[in-house]
Amino acid sequence: MDINALKATAAALMAGHKGLLAMDESLPTANKRFAEAGIPQTEEYRRAYREMIVTTPRLGDCISGAILFDETIYQYTKSGVLFIDILKQQGIIPGIKVDAGTVDLAGFPGEKITEGLDGLRDRLKKYYELGARFCKWRAVITIDKDIPTDGCIEANTHLLARYAALCQEAGLVPIVEPEVLMDGNHTIERCYDVTAKTLQALFTQLQNQRVDLHGTILKPNMVIAGKNCPKQNSINEVAMGTVNCLTENVPAWVAGVAFLSGGQSSQDATAHLNAMHVIYHNQLPWPLTFSFARAIQQPALEIWKGKDENVAEAQKILYHRASLDNAARRGEYRVEME
């Protein structure tokens, strides 16, 4: 493991006011979103959609790294250029999602575990040779009456730590993503407690597996009430609850924090990130940025609709959305900019 190379990659991913683009939807997720938009669910349409994204003019002005899916890292533009090479030309570091998705956790009704460790060492070597320089693994934590259990949190954070150690061994920066879901009617206070407990378990496991946090990026949820909670908190309340939870539970030497949007609207995710920078300007131990998927891509997908004649307009919307998140990282986003 070359920790200096890992630190340099992590620093480049968190540099300036840029963020990460999570374009790593699994096949079922991509097909579901295509179906909702009336787009055929075929490999060629997925390829065309991803070509629309990676060839967006000036995307590298706002995006430092792009998380790809296994299918995507091998795909080409119509003119025969690898997507991964298009990203590099834009100054965007290629990354790859390496988990194999979630399944039911045996013995724990209502809870999930992430699979994908089998054969991971060999897959990581292959991805590095292809040009990837960072990876992502997502764990899912559900809040309900009697969950999450300690067993679920321990199992998922242990897997995140083992994945992270293998990534660093292969020269790849691990993004560890313990997502506490927004689904449910829980309050922001309950989300805070579960997120804190999950982060504490995660960093204990990372330490136990000898993962160097200087070459590791955290991708957490924001601390926010469940979608069905009667009380939805203000932008500033979410921002303050999130930052307080992180400062209490995330070591200062983590390379950076890149938030997932987690089902929030594009506008809410941007506004929450912006408020964090306005309230805590230059007072945090690690850089805070975004690693959004739907919150950047969905408006463009709805315009594209699988049609070549809509590509240019969809790319304008994609760049605009990314530029708003870029402004939020500077604490300069305003609703009027929408």
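Described below are features of the structure shown in this document. For every chain, the first residue of the written sequence is number 1, and numbering continues from 1 along that sequence. Since the coordinates come from a predicted model, pLDDT governs what is reported: local features require at least 70, and pairs of side-chain atoms require 80 or more to be given and counted, while whole-chain, interface and lining totals use all residues. The side-chain figures draw on all heavy atoms in the structure; neither hydrogens nor water molecules are used.

**Side note on the sheet that holds strand β1 (residues 19–22)**
Pairing between the strands of a sheet is mediated by backbone hydrogen bonds and can be parallel or antiparallel. Note on pairing: two strands pair once DSSP finds at least 2 bridges between them. For helices the rule is a DSSP run of H or I covering at least 4 residues; for strands it is a run of E covering at least 2, with both sets numbered from the N terminus onward. The eight strands are arranged β1-β2-β3-β6-β7-β8-β9-β10 in a closed barrel whose pairing can be described as parallel. Pairing analysis gives two bridges linking strand β7 (residues 173–180) to strand β8 (residues 217–218), with the strands arranged parallel. By the bridge assignment, Val 176 is partnered in β8 with Leu 218. Where helix α10 (residues 266–279) meets the sheet, its contacts fall on β9 (256–259) and β10 (288–292), and the angle it forms with β10 comes to roughly 170 degrees. For this analysis, residues touch if any pair of their heavy atoms sits within 4.5 Å. Interaxial angles span 0 to 180 degrees and are taken between N-to-C directions of axes, which are lines fitted to C-alpha atoms, for helices over the stretch in contact. Where helix α12 (residues 311–330) meets the sheet, it contacts β2 (63–68) and β10, and its direction lies at approximately 160 degrees from that of β10.

**Some thoughts on the environment of Tyr 45**
Residue placement: Tyr 45 occurs in helix α3 (residues 43–54). A residue is classified by how much of its surface remains accessible, and Tyr 45, at 29% relative accessible area, is partly exposed. With 14 residues separating them along the chain, Tyr 45 and Asn 31 place their C-alpha atoms 9.7 Å apart. Beyond its immediate stretch of four places on either side in the chain, Tyr 45 contacts Phe 34, Ile 39, Pro 40, Trp 304 and Gly 306. Throughout, exposure labels follow a simple rule: accessible area from a 1.4 Å probe, protein chains only, divided by the maximum for the residue type, with under 20% read as buried, over 50% as exposed, and the rest as partly exposed.

**Some thoughts on the packing of helix α2 (residues 27–36) against α3**
With their axes 11 Å apart at the nearest point, α2 and α3 run at an angle of 85 degrees to one another. Here α3 runs roughly perpendicular to α2, going by the angle between their axes. Residues Leu 27, Ala 30, Asn 31 and Phe 34 of α2 pack against Tyr 45, Arg 46, Tyr 49 and Arg 50 of α3. Classifying every residue of the contact of α2 with α3 gives five nonpolar, one polar and two charged. Each angle gets one of four labels, with under 35 degrees taken as roughly parallel, over 145 as roughly antiparallel, 65 to 115 as roughly perpendicular, and the rest as oblique. Here the nonpolar group is Ala, Val, Leu, Ile, Met, Phe, Trp, Tyr, Cys and Pro; Asp, Glu, Lys and Arg are the charged ones; every other residue, Gly included, is treated as polar.

**Some points on the nonpolar core**
To define a nonpolar core, start from buried Ala, Val, Leu, Ile, Met, Phe, Trp, Tyr and Cys residues and group those joined through side-chain atoms within 4.5 Å. Formed by 98 residues in total, the largest nonpolar core has its most connected members in Tyr 163 and Leu 218. The leading source of residues in this core is helix α8 (residues 188–208), at 10 residues. For Tyr 163, the residues in contact, after removing those within four places along its chain, are Val 98, Leu 117, Leu 120, Cys 135, Lys 136, Trp 137, Pro 174, Ile 175 and Val 176.

**Concerning the pattern of salt bridges**
One speaks of a salt bridge when a side-chain nitrogen belonging to Lys or Arg is within 4 Å of a carboxyl oxygen belonging to Asp or Glu. For the coordinates displayed, the defined rule picks out 17 salt bridges. Here Arg 138 ties to Glu 179 by a salt bridge, and the two come within 2.7 Å at their closest N and O atoms. Of this pair, Arg 138 sits in strand β6 (residues 134–141) while Glu 179 sits in strand β7, and the two are 41 residues apart along the sequence. The salt bridge partner of Asp 150 is Lys 197, with a shortest N-O separation of 2.4 Å. Of the two residues, Asp 150 is situated in helix α7 (residues 150–169) and Lys 197 in helix α8; the sequence distance between them amounts to 47 residues. Among the residues examined, Asp 150 registers a relative accessible area of 48% and is labelled partly exposed.

**Overview of α2**
Along α2, the residues that are buried comprise Ala 30, Arg 33 and Phe 34. Looking straight down α2, one finds that the buried residues subtend no more than 100 degrees of arc, so they occupy a single side. Along α2, exposed side chains directed more than 90 degrees from the buried face belong to Pro 28, Lys 32 and Glu 36. Those residues of α2 that are buried lie in contact with α3 and α11 (294–304). Just beyond α2, the residue with positive phi is Gly 38, at close to 75 degrees. Throughout, the arc means that of the directions going from the helix axis to the C-beta atoms.

**A short note on the side chain of Ser 261**
Counting through the fold element by element, Ser 261 comes out in the loop between β9 and α10. The exposure class of Ser 261 is buried, given its relative accessible area of 8%. Dropping the residues within four chain positions of it, Ser 261 is found in contact with Met 182, Ala 269, Phe 292, Ala 293 and Ala 295.

**Quick look at unusual backbone geometry**
Geometrically, the link from Ile 147 to Pro 148 is a cis peptide bond, its omega value of 15 degrees lying close to zero. Mapped onto the elements of the fold, Pro 148 is located in the loop between β6 and α7. The backbone of Arg 58 shows a phi angle near 65 degrees, a positive value even though the residue is not glycine. Along the chain, Arg 58 falls in the loop between α3 and β2.

**Let's talk about the packing of aromatic side chains**
Aromatic ring pairs: the centre-centre distance and the angle between the two ring planes describe each pair. Aromatic rings from Phe, Tyr and Trp, with only the six-membered ring used for Trp, were paired whenever their centres fell within 6.5 Å, and each pair was classed as stacked if the ring planes differed by under 30 degrees, edge-to-face if by over 60, and tilted otherwise. Per the counting criterion, the structure on display carries five aromatic pairs. Measuring from ring centre to ring centre gives 5.5 Å for Phe 34 and Tyr 49, while their planes differ by 85 degrees; the resulting arrangement is edge-to-face. With Phe 34 in helix α2 and Tyr 49 in helix α3, the pair connects residues that are 15 residues apart, well separated along the chain. With respect to class, Phe 34 is no different from Tyr 49; both count as buried. Put simply, the rings of Phe 34, Tyr 49 and Trp 304 touch in pairs and so form one group of aromatic residues. Over a ring means this: the NZ of a Lys or the CZ of an Arg is within 6 Å of the ring centre and within 35 degrees of the ring normal. When the ring centre of Tyr 128 is taken as reference, the NZ or CZ atom of Arg 133 above it lies at 3.7 Å.

**Observations regarding the environment of Glu 309**
With respect to the element layout, Glu 309 can be found in the loop between α11 and α12. As a C-alpha pair, Glu 309 and Gln 75 span 234 residues in sequence and 21 Å in three-dimensional space.

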